[in-house]
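Next come the chains, spelled out residue by residue.
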Amino acid sequence: MSSNENEKCDCNKKRCLMNDVNWTRHLNACPVRKSKRKNQTIKTFFTLSQAKKICKDFTRISECDKNSETLEVEAVECEKPTTSSSEYEKKIPEKSTFDGPYTADLEVMNTDDIENSNTTFEEPIVSATSTCLPVPEVMNTDDIENSNTTYEEPIVSATSTCLPVPVPISEVDFVAESSANASMAEHLETNIDLQKNESPEDLVESVASLPYAIQFPNDPAFISNFTMSPELFAQVALQPPCQPAQFDLKNHKFPTKKQGKYTRSFHEEHYFKKMASGKFVKRIWVSYSPSTDKVYCKVCKLFGTTECKSYKLAKSGYDDWKHLAYAFKNHEATPDHLQAEIRRAMYVNNQRVDLPSFQGLNSKVVENREIIKKIIKALLYLSRQNMAFRGHDESKTSKNQGNFLELIKLLSADNAVLSSHLLKIRDVKGKNRLTFLSNVSQNKILNVLGEMVRGQILQKIKASGVYSFIIDTTTDVANLEQLSLIVRFLNEDGDVEERLVAIKVASDASGLGMFNLLCDICQHFEIDWVNNLCAQSYDGAASMQGCYSGVKTLVQEKNPRAIYVWCFAHVLNLVVVDTCDKNTVTRIFFGNLQSLVSFMRARKRTALFIEAQKIYYPNERICKIKNFSNTRWTSHHQVLGVICTKYKAVMKTLKDLSLSLDRETSATAKNLQTVMSSFMFVTNLLLMKNVFEYTTPLSLYLQSPSIDFIQALTMVDNCAKNLFDMREDHTADKLLDNARQFAEDNGLEQTCFPNKRNIIKKVMDGEKKGTETIFLSPNNRYKIEVYNTVLDQIISSISSRFEGARKILADLSFFSYERLISINEGCSIPEDCFIYLKTWIPNIEIDELKMEYITFAKCFMELKNGINIKKLHNKSEPGDENDDDELHDSSSDTETESNTDAPKITALDIIKLLNSYNLISAFPNLYTAYKYACTIPATSASCERSFSKLKLIKTRLRSTMKQNLLEPLMLLSCERNIEINEDEAINNYANTSKILKEALLFK
């Protein structure tokens, strides 16, 4: 049995199988229902003067409509007043407690009737279709006069939407819409309980029967399913959806009904849609009807096609709360709903386009723009994933047309417009003029997207006012020298960004040639580096840092304030090289290690190593010995870690290979087995592993784009301090004990250094006996000749190679966290401090800077304790998502390492501190100094990251790629976190040719 059959009257009579006409007649004649309605609180929204006009207008319309052939249903006729209008005006009170807005769903009277009427109209004449509200019951003015009821203004919810201003229509509109308004007349006949003999109380109380109509004028149930005038359509279309909260409804909750075994109701969560990213987006098409307790799709109801308007969500509403989420999901994916959404967007943004225009030229434009949007999504996906676009065979009969066309086919499965477009292309014989899928169109769109990304980057760079350059070169797979230009700057939020601006072919790899190329790039993109460049960071190549013709020198000739920073990551790499090559023992150790890595790279030997791991370490992860990198010595740490953790598996593999029938394999495996089983190899293995445990986290931390210069140098000093602490005797003894325990655990024969016989020189006749020979134990000999030598070498190398960076830090050291704490505790600052900053930062006042610095330092601890430093980093840094980079930016992981001893607060944190407290205007010189300090790049690792992308994009199979295609692909891949406006991209693409303008731009 349906819910309508369960409907009851106030007299407890069930509807059962009664049709609408009989049921309505019963409701109108039921005495119990009438008596209950008399006791209801009367609320209306008509003034007395407006009610008088409604009565007169409705009476005149009813008389006129009796003879009208255009109306299929007669309006209910109201009893004509027998008193003149002048008498009415005398009897109406001068002041009334009831003075609400005038709203009615009535047709405008004939203009001739208006001219012949003696009534003075105090309010504007309202169109019958000027609102979507149902018509309240009309009161006779005699009844109003004789009524003692006090009329109250309705209480409107704060969230409800005010009605639009009614728009008058002409006499022609009245006749033209009369057929459409027949349903309104029928609505009046079935919903207004107006009889000639009703009492005044009944007439007044009938107005109070529509509380939701007053509170929610945008109720979707009141929208007519018939044709509306353009004025009414505009008013309804511009109204926001009816989405009341439960506190706006009666009893402060949504009505409940029993569906199946449970009692269910509508919930506010359906107003929102959860996206794949986890964000919630408001559904502007969902409109809840408080009067019917149903949800409607307002967009389909207004802008949908004939078939779309026949959907339950658009026509009669949906109230199956159990399956509502499933119904919403299906409805949102239908092509008809998407077309209705497009029509709504066009109508709202361009109101001069009316509904019939969607069936004309703009309809094709909308379809084309929808197709281009899907193409842009496909191009962005392939670009950001560094995938190839075209296939070997892209013909219509090909089973694999390439990544791009196959992805377009996949997207067309859920998009009717794109699917129809592909069918048209397939069915048309010959060449299509506009497919948007050719390689030329792909390249054009990619160039447009790349330029949009670069435009946003350049806009941020110019807004920052100060920036630094990071430049490096590499040779691609086509043997072309590629120059990568990265710009480091601070954005408006105080976050550091390192963005790729350009990647160009450097035909001349000399210092002068690359300098000229840099000038051409800056001139083309209007980058004023002569005045705004504050720093530059390159590697140690002679063409980059040469003192006569290097890029550094040529830049400083035109801009002396552009200080040069030798990449800290490259410097640290050279420190490790010095350590490993200067000492004979460590040089032999890494030579043997390199031989082991090269020997184990063969396919069959790798398989034996994996099988051995399964035997000795069944529950652990399978590891492989990776090859050494000559430029990145952090890879040595990975090899040392694998050998330490999988030592038994390595030895078993070498033992099995020593039994091979191949003489070279057998000899090499036997020699490596002998070397690796020695106690000297084991001790050196643990020693270098301990050293790399300090240098590797520092190297990875230096590759972070968010690290500042002060913080980087502080990290280097902390690393040098930790290495210096290792030079203690007890640390060396602990290393030897660990080596002995490691040898015993792995069953080695040697668990200590072998004793060497001391050689005593024979004293010949006539010679004097020398000093007494000092006999050293094997452990002490190792400490002196190997352990202390290695540590002394790495400590001295750090001090010498980072000496140039310390000169830059002379004045910048005052901005470190430690110096601020010392000033806060009462230490004084030198008189000549910040002198260097005057020549580096233009227009800075040194005296004011000193005063601001001292004031800020004294209040620093209070500011620090008042804010959570972790909350200052609420945004991901640019470039952090490059998981496939060779450098593996692991700054977020290494920040928590105890070995790095990272400072608690960095210069970037202090800038954010000034931003969070709005102290930039109070400390302008201090903020400028910190901004310049944070703009100095510590490394050129961002260029290395761009080269990693270059290797993924320009592969051996794509080696013939042109530079004008490579550059936008690099921009889209490296700067994937920059959002692109699809509509703007389509407009830019349309402006590339006249044909595209006609196909993609609205008329």
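To be clear, the structure that these remarks concern was listed above.
Reference entry: report on the structure contained in this document. The shown structure was predicted, so the numbers you read here are calculated from the model rather than taken from an experiment.

1. What to know about the environment of Lys444
In this fold, Lys444 is placed in helix 20 (residues 439-464). Residue class for Lys444 comes out partly exposed when judged on its relative accessible area of 34%. Sequence-wise, Lys444 and Thr992 are 548 residues apart; in three dimensions their C-alpha atoms are separated by 8.3 Å. Setting aside residues up to four positions removed in sequence, Lys444 forms contacts with Tyr989 and Thr992.

2. Re the packing of helix 31 (residues 679-702) against helix 32 (residues 709-725)
Two elements in contact, helix 31 and helix 32, have axes whose closest approach is 10 Å; the angle formed by their N-to-C orientations is 175°. Taken together, the axis directions place helix 31 and helix 32 in an arrangement best described as roughly antiparallel. Two secondary-structure elements touch here, helix 31 through Val691, Tyr694, Thr695, Leu698, Tyr701 and Leu702 and helix 32 through Gln711, Ala712, Met715, Val716, Cys719, Asn722 and Leu723.

3. Quick word on the pattern of salt bridges
Side chains that carry opposite charge are capable of pairing whenever their charged atoms lie near each other. Applying the stated criterion across every chain yields a total of 31 salt bridges. In this structure, Arg499 engages Glu497 in a salt bridge whose closest nitrogen and oxygen atoms are separated by 2.9 Å. Given a relative accessible area of 4%, Arg499 falls into the buried group. Among the salt bridges present, the one from Lys652 reaches Asp656, with a minimum N-O distance of 3.0 Å. Taken together, the residues Lys652 and Asp656, both in helix 29 (residues 647-658) and four residues apart, mark about one turn of the helix. Since its relative accessible area comes to 24%, Lys652 is described here as partly exposed.

4. Notes on the packing of aromatic side chains
Scanning the entire structure with this criterion turns up 26 aromatic pairs. Geometrically, the ring pair formed by Tyr538 and Tyr564 is tilted, given 5.7 Å between the ring centres and 35° between the ring planes. Within this pair, whereas Tyr538 is found in strand 10 (residues 533-538), its partner Tyr564 is found in strand 11 (residues 563-566), the two being separated by 26 residues in sequence. Classification of Tyr564 by relative accessible area gives buried; the value is 14%. Among the aromatic residues, ring-to-ring pairing joins Phe254, Phe266, Tyr271, Tyr288 and Trp321 into one connected group. For the cation-ring pair, Arg605 lies above Phe599, with the distance from its terminal atom to the ring centre recorded as 4.1 Å.

5. Considering the sheet that holds strand 7 (residues 467-475)
What the five strands build is an open sheet, ordered 9-8-7-10-11; its pairing is mixed. Looking along the sheet, the strands with just one partner apiece sit at the ends: strand 9 (496-505) and strand 11. Direction aside, the axes of adjacent strands within the sheet are offset by 25° on average. In this structure, strand 8 (residues 481-490) lies alongside strand 9, joined through nine bridges in antiparallel fashion. Of the residues in strand 9, the one forming a bridge with Arg488 is Glu498.

6. Thoughts on the packing of helix 31 against helix 33 (residues 729-745)
In the contact formed by helix 31 and helix 33, the axes pass within 9 Å of each other and the chain directions differ by 125°. Of the possible angle classes, the one that applies to helix 31 and helix 33 is oblique. Remark: the crossing between helix 31 and helix 33 carries right-handed chirality. For the pair helix 31 and helix 33, contact is made by Phe679, Val682, Thr683, Leu686, Leu687 and Asn690 and by Leu735, Leu736, Asn738, Ala739, Arg740, Phe742 and Ala743, respectively. Partitioning the contact of helix 31 with helix 33 into residue classes produces nine nonpolar, three polar and one charged.

7. Some details on helix 19 (residues 416-427)
With 12 residues, helix 19 extends 16 Å from end C-alpha to end C-alpha; this agrees with the ideal 16 Å at 1.5 Å per step. Within helix 19, burial applies to Val417, Leu418, His421, Leu422 and Ile425. For helix 19, the arc enclosing every buried residue in end-on projection is 135°, short of the 170-degree limit, so these residues lie on one face. What points out from helix 19, more than 90 degrees from its buried face, is the exposed set Arg426 and Asp427. Measuring from the side-chain oxygen of the N-cap residue of helix 19 to the backbone nitrogen of Val417 gives 3.2 Å; that N-cap residue is Asn415.

8. A closer look at the nonpolar core
Phe568, Leu812, Phe815 and Phe856 are the most contacted members of the largest nonpolar core, which has 121 residues in total. It is helix 31 that provides the largest number of residues to this core, a total of 13 residues. Here Phe568 is in contact with Leu702, Phe709, Ala712, Leu713, Val716, Phe802, Ala805, Ala938 and Thr939, once residues within four sequence places are set aside. Grouped together as the second largest cluster of nonpolar side chains are 81 residues, Leu458, Leu483, Ala502 and Val555 included.

9. Some thoughts on helix 41 (residues 907-916)
Quick reminder: α-helices carry 3.6 residues per turn. Residues three or four places apart thus point the same way. Of all 10 residues that make up helix 41, eight are buried, and the element is covered over most of its length. Three or more residues of helix 41 are buried, namely Ala907, Leu908, Asp909, Ile910, Ile911, Lys912, Leu913 and Leu914. Within two residues after helix 41, Asn918 carries a phi angle of roughly 55°, on the positive side.

What counts and how
Residues numbered from 1 in each chain as written. Predicted model: local features only at pLDDT ≥ 70, side-chain atom pairs only at ≥ 80, totals over all residues. Heavy atoms only, no water. Helix = DSSP H or I, 4+ residues; strand = E, 2+ residues; numbered from the N terminus. Buried < 20%, exposed > 50% of the residue type's maximum accessible area, 1.4 Å probe, protein only. Contact = heavy atoms within 4.5 Å. Axes fitted to C-alpha atoms, helices over the stretch in contact; angles between N-to-C directions. Parallel < 35°, antiparallel > 145°, perpendicular 65-115°, else oblique. Salt bridge = Lys/Arg side-chain N within 4 Å of Asp/Glu carboxyl O. Phe/Tyr/Trp six-rings, centres within 6.5 Å; stacked < 30°, edge-to-face > 60°. Lys NZ or Arg CZ within 6 Å of the ring centre and 35° of its normal. Pairing = 2+ DSSP bridges. Left-handed = near helix turned anticlockwise from the far one by under 90°. Nonpolar A, V, L, I, M, F, W, Y, C, P; charged D, E, K, R; others polar. Expected span 1.5 Å × (residues − 1). Arc of directions from axis to C-beta. Polar contact = N/O pair within 3.5 Å; in protein donor to acceptor, adjacent residues only side chain to side chain. Core = buried A, V, L, I, M, F, W, Y, C linked by side-chain atoms within 4.5 Å.

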